[in-house]
Amino acid sequence: MIRSDRILGVVVVIVALAFIVSAYNLPAGNLFDKLGPKAFPIIVAVGMLVSAVGLILRPDPEADWPEMPSLVSIGFATLVLIGYAYSLKPLGFLAPTAVAAAILSYQISPRPLPAVLTGVGLSAGLFIIFKYALGLGLFALPRGLLG
Amino acid sequence: MDLFANLAIGFEVALSPMTLILAVVGCFLGTIIGALPGLGPSNGVAILIPITFTMGLDATAALVLLTSVYYGAMYGGRISSILLNIPGDEPAMMTTLDGYPMAKNGRAGDALVISGVASFVGAFLATVALALVAPYLARIAYKFGPAEYFALYALAFATLGGMASNNQAKSALASFIGLGIALIGIDNNSGFTRFTGGNLHLADGIDFLVAIVGLFAVSEVFFFIESHGKGSAVGVVLGKVTVPWREIWSTRWTMLRSSAVGFVAGVLPGAGASLGSFMTYMMEKSIAGKQGGFGTGVAKGVAAPEAGNNAAAGGALVPMLTLGVPGSGTTAVLLAVLMTLNITPGPTLFADRPDVVWGLIAALLIANFVLLAMNVPMVKVFVRILQVPPAILLPGVTMISFVGIYSLSGSYFDLLLMVGFGVMGYIFRKMDIPTVPVILGILLGYQMENNLRHAMTLSGGEWTYLLSSPISIGLWIAAALGFIAPMFLRRFLRKPQMVTD
Amino acid sequence: MNKTLKVLLTSAALTFTAGSAFATECIAPANPGGGWDFTCRQIGKILFDIGLVSDPVQVTNMAGAGGGLAFAHVVNERNTDEDLIVAASSATTTRLAQNAFGGMTADQVRFVGAIGADPGVIVVAADSPFQTLTDLVEAIKADPGSVAFAGGSAAGGFDHMKPLQVLKAAGFSDITSVKYIGVDGGADAITQTIGGFTQAMTGDMSEIVGFINSGEVRALAVLTEERVPGFDQIPTAIEQGYDVVAVNWRGLYVPKGISDEAFNAWGEKLAAVAASAEWQEAMAANGLAPFTKVGGDFQSWIDQVVADTVELSKEIGVIQ
């Protein structure tokens, strides 16, 4: 039976093999550095392999994964955070923070108005704290708008 | 006497207004962070690290602030354990066993006060013990060469991994994944770039702070999205808080025993506070026997794990300061702070930077009194904070994490990595794969590899060198035991699943 | 240095680079707080205090690639800027000699002067059988594997080079058989040596002061021309018969494309800074020994140092 433990095990086995292949291309050691840069990565990769195989052979009972809607919701939150990461620099702090915080808030507790208020409040409040109390060099608005 | 001279140096540093303010702020924030379900000492400290650096605090100030948060969170963790039956952090898990029943019996106030006093006793005694033994233990570092350090790191992984999960394969897997991540980037010894896949952003390696904040803070938001913030309303109403003097006195031996055991558990590299609270609860339960009524809401059942886990928190600072090997997840995070401040733990730390070490110890002593005041008379304030709805709290934590990391590197790539670690943290925790060994791996990978390479260079490639001293042999044996023992003890130590009623 | 700091500093550099076009700018190719930063801030402050520049010198931190980022910036974008000085040290020339700056070479800038140095030292534990540098050298000649050195730089780095230079000066040629481990900084190297895991430590004077005073280590030699004031009990390698000078100098380079007049003017200004009382104090407070070489003199010394480093690096296989 396929369980998530086994899936992860297979993924790790692939990563570990890639590690080993990649490490083999590194030079061997010399007198000042007997092992060189390749030995330890190979040890670590073998460790990954062994524990991953252990996981494949003896998986735990299936984890308690959320229902599909929750998974979609978490996936969407991830996308929001990725978008937030990309937009902080070009768009400044205020707008992306308000939007991202509002979406996350709505996802936790699906009430539109409080979510929007949370977003705006967090964005403004955190900006004031970071900029004026802690002195971080944040840009409020897109740099383009500031000339 | 040396100790008093040293403490005088420490108090001179700690009693400066700035340091005092930081200690009080740290205690306050820490208690809140500890009390909030889902946020514990590790993520609390993790979120604050980047901000501390951008504020430009010097080494002592930064350490005082962050360790106050650490101690504060250890105190605060019990609040939600008692009121909500949700441990505010992992070490507070055992406190739910008697704390919540007590609260349901209408004695929430008593439970909070007893556990607050127990926390104080544990943390205070541990800080005193830290001041007494650390300078002597620091000399041990002279006995540690590359082979011994390599064995010590192995021990840290083995014991932490052994305790952290119900499945050794998963603990081992997490450790190796962490070590693998640590290998990414330019190898300092040879100058070769490893495992970056040609990505220039990865050439300098993956910053452990990015991983810490991702795994500990960002992953939290996913859990709350999944549960829609349910189970976070205050379940028990807190009435008038009075001090049950007699009951506190009746737990005096429990507190003292638990402090001693907790401290020792904390000193063991990798074992940490969770082990401290398990061991002390189990110990007191067996001492009390059936008549003790452990699990039904008795004072000793609250006092033991709280004294134990707070004492362990102090004990965990010992290996971190003396050998640079963290004794718990949070001290791992604190070690990251030291490394970023270019402070090298070890005997030289005690000699070269007495202001840092003794200032820290003095600040911790002061922090304990501040925390006692906050957690007993002022406990209601924190109970109120527990009522901040997660729909505000979690987005706030996430945004703070983003700004913190962004202010460090100004790189969107680090933010993406952090989100990646957040997702990884969610999946791993769902699958009961512990995340602390991952952090430990990222943190110690470089040192572990270096020491292995040095050992091999010194020995001319002779592998037996790794087992050539009594210390390293002892450490390897302890590591093997620490990893294997939990498999047999699981019957007793199985992590208590959350009680549902 | 660790990763976090690196990133932290890169971002700091990005924040502070925008500056006035007229004031003198000093680039510290590293984080605030390190040696290069100290060089820039002290020299900049003294230049202004003694009236050699009309505006306060603006210090820019440009960390990255161990100084390589700043070097590339100067070579590619500021090649004719006469108002630019850049902090440098032995690490700069070692890395250039070992091709650590992505193919850039030492002759792409002009080294204008050094005004202080952290002397190189070779140290053993207090209970070591080696009493003099000669004892140590003879032991290595007899059995190269018997002595392992610990130092604060990676294999092939400056700390590693110091004992190898001494051994070469002693006529020992099989230097690749000498064991060396590069640990995290001088304090770690001393701890390993006191613990007996390595037999000797190679590093800078400033790293060992505390241990000398506590009597835990014995300095066999200091790698300067004269004994260091304040540490007169430590003999130089030269007086023990090994003609080696290896100091971690603190100084400046300037862009290649500036006029000879501008280059010489910087040399004179630097000499004036070196002679100032303020600099003498700063050196004493930071464990630096006097070491003043400026202008053409310094440039030719640097050329020799780079050539030696290249030769030694090839011998031990750090570069091809």
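Values in this document were obtained by computation on a predicted structure and should not be read as measured data.

Thresholds applied
Residues numbered from 1 in each chain as written. Chains lettered and ligands numbered in written order. Predicted model: local features only at pLDDT ≥ 70, side-chain atom pairs only at ≥ 80, totals over all residues. Contact = placed C-beta atoms within 7 Å. Helix = DSSP H or I, 4+ residues; strand = E, 2+ residues; numbered from the N terminus. Nonpolar A, V, L, I, M, F, W, Y, C, P; charged D, E, K, R; others polar. Axes fitted to C-alpha atoms, helices over the stretch in contact; angles between N-to-C directions. Left-handed = near helix turned anticlockwise from the far one by under 90°. Domains from an automatic or database assignment. Parallel < 35°, antiparallel > 145°, perpendicular 65-115°, else oblique. pLDDT = per-residue confidence, 0-100. Core = buried A, V, L, I, M, F, W, Y, C linked by C-beta atoms within 7 Å. Buried ≥ 20, exposed ≤ 12 C-beta atoms within 10 Å, placed from the backbone.

Draft legend 1. Geometry of the interface of chain B and chain A. Each partner contributes residues to the interface: chain B has 54 residues there, and chain A has 54 residues. Among the elements of the structure, α3 (41-54), α7 (168-183), α8 (208-227), α18 (390-409), α19 (412-430) and α20 (436-459) of chain B are those that each provide at least two residues to the side of chain B that touches chain A. Counting residues per element, the side of chain B that touches chain A draws most heavily on α18(B), at 13 residues. Counted by class, the side of chain B that touches chain A contains 34 nonpolar, 12 polar and 8 charged residues.

Draft legend 2. Inspection of the packing of helix α10 (residues 252-267) of chain B against helix α12 (residues 299-315) of chain B at higher detail. All names here are of chain B. Interhelical geometry of α10 versus α12 gives an angle of 35 degrees and a closest axis separation of 7 Å. Of the two elements, α10 crosses α12, and the hand of that crossing is right-handed. Judged by residue contacts, T254, M255, S258, S259, V261, G262, F263, V264, A265, G266 and V267 of α10 engage K300, A303, A304, A307, G308, N309, A311, A312, A313, G314 and G315 from α12. Residues that form the contact of α10 with α12 fall into these classes: 12 nonpolar, 9 polar and 1 charged.

Draft legend 3. Broad picture of the domain arrangement of chain C. Residues and elements named next belong to chain C. We note that the domain assignment places domain 1 (3-117 + 248-315) and domain 2 (119-240) within chain C. Centre-to-centre, using C-alpha coordinates, domain 1 lies 27 Å away from domain 2. Counting residues at the interface gives 12 residues for domain 1 and 16 residues for domain 2. Elements with a contribution of two residues or more to the side of domain 1 that touches domain 2: α4 (90-97) and α11 (295-315). Among the elements that make up the side of domain 1 that touches domain 2, the one with the highest residue count is α11 (4 residues). Partitioning the side of domain 1 that touches domain 2 into residue classes produces 4 nonpolar, 7 polar and 1 charged.

Draft legend 4. Representation of the packing of helix α7 (residues 185-194) of chain C against helix α8 (residues 205-213) of chain C. Residue and element names in this part refer to chain C. For the pair α7 and α8, interaxial distance at closest approach is 8 Å and the crossing angle is 45 degrees. Taken together, α7 and α8 sit at an angle that is classed as oblique. Crossing hand, α7 versus α8: right-handed. Residues G186, A187 and I190 of α7 touch α8, and the partners they reach there are E207, I208 and F211. Its residues assigned to classes, the contact of α7 with α8 shows 4 nonpolar, 1 polar and 1 charged.

Draft legend 5. Quick peek at the confidence of the model for chain C. All names here are of chain C. On average, residues of chain C score 84 in pLDDT, and 91% of them reach the 70 mark or higher. For chain C, per-element mean pLDDT is lowest for helix α1 (residues 3-16), which scores 40, and highest for helix α5 (residues 133-142), which scores 95. Contacts for the low-pLDDT stretch residues 1-21, under 50 throughout, to residues beyond four places or in other chains number 45 contacts.

Draft legend 6. Broad picture of the nonpolar core. Residues and elements named next belong to chain B. In this structure, L66, L173, I212, V213 and I439 are the most contacted members of the largest nonpolar core, which totals 326 residues. Here this core takes 22 residues from helix α5 (residues 95-139), the largest share from any one element. Beyond its immediate sequence surroundings of up to four residues, V213 is in contact with A46, I47, V218, S401, G404, I405 and M418.

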